[in-house]
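Survey of secondary and tertiary structure
Residues per chain, in single letters:
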Amino acid sequence: MKLVIAIISNTDTEKVISAIALEGYSSTKISTRGQFLVDGHTTLLIGCDDEKVKPLLEIMKNNVTKRTVASTGVTSTITGSLLNQAVDVEKYGIVAFIVNVEEFIKL
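Let me begin by describing the structure that accompanies this report. (Residues numbered from 1 in each chain as written. Predicted model: local features only at pLDDT ≥ 70, side-chain atom pairs only at ≥ 80, totals over all residues. Heavy atoms only, no water.)

1. Some remarks on helix α2 (residues 53-61)
We apply this condition: Here's how the labels work: a residue is buried when its accessible area is under 20% of the maximum for its type, exposed when over 50%, partly exposed in between, all with a 1.4 Å probe on protein chains only. In DSSP terms, a helix is any run of H or I states spanning at least four residues, a strand is any run of E spanning at least two, and both are numbered starting from the N terminus. Note that the arc is computed from the directions linking the helix axis to the C-beta atoms. Contact definition: two residues touch when any of their heavy atoms are within 4.5 Å.
For α2, the full list of buried residues reads V53, L56, I59 and M60. Within α2, the buried residues cover an arc of 125 degrees as seen down the axis, which keeps them to one side. Projecting away from the buried face of α2 at angles above 90 degrees are the exposed residues K54 and K61. On the buried face of α2, the contacting elements are β1 (2-9), α1 (10-22), β3 (40-48) and β6 (94-100).

Next up, the structure:
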């Protein structure tokens, strides 16, 4: 069994949750926030059998939007520094961690 920890932009969250639920996956939704790209994100915790991980990732991939956003750089005290100029950053549609589950219990 695997635990898929998926971090998704709030823009795509409901679409992803609906798509995976239609295929029989259950998830736990947690509101999260990152350090560099600080807009809203959601983390989904999804437990599934090993052979269902690849289909799950494919469903999620088809229901998120990869985009480029302008983000301010690092704050600097140096006058005229380019560090605080806006830079284009590619935001992935989803970041997923797949973890082996030693034991799964429902009480």
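After that view of the structure, there is still more to cover.
2. A word on the sheet that holds β1
Within a sheet, neighbouring strands are paired by backbone hydrogen bonds and run either parallel or antiparallel to one another. As a reminder of what qualifies: Strands were regarded as paired on the criterion that DSSP finds at least two bridges between them. Convention adopted: a line fitted to C-alpha atoms gives each axis, helices being fitted over their contacting stretch, and angles between N-to-C directions are expressed from 0 to 180 degrees.
The 4 strands lie next to each other as β2-β3-β1-β6, forming an open sheet whose pairing is antiparallel. The sheet terminates laterally at β2 (28-33) and β6, the two strands that pair on one side only. On average, adjacent strands in this sheet sit at an angle of 20 degrees to one another, irrespective of strand direction. The sheet contacts of α2 involve β1, β3 and β6, and relative to β1 the element is tilted by about 5 degrees.

3. Some points on the environment of I59
The residue I59 is located in helix α2 in this model. Note: C-alpha distance between I59 and A19 (40 residues apart in sequence) is 6.9 Å. Those residues within four positions of I59 in sequence are excluded, and the remaining contacts are A19, I20, E23 and Y25.

4. Some thoughts on the environment of H41
Within the secondary structure, H41 is located in strand β3. It is 9.9 Å that separates the C-alpha atoms of H41 and I94, two residues lying 53 residues apart in sequence.

5. A short note on the pattern of salt bridges
Opposite charge on two side chains makes pairing possible when the charged atoms of those side chains draw close. Operational definition: Between Lys or Arg on one side and Asp or Glu on the other, a salt bridge is scored when a side-chain nitrogen of the former is within 4 Å of a carboxyl oxygen of the latter.
For the coordinates displayed, the defined rule picks out 1 salt bridge. E14 is the salt-bridge partner of K29, the closest N and O atoms lying 3.0 Å from each other. You can see K29 sitting in strand β2 and its partner E14 sitting in helix α1, a full 15 residues away along the chain. Judged by its relative accessible area of 49%, K29 falls in the partly exposed class. For E14, a relative accessible area of 48% gives the class partly exposed.

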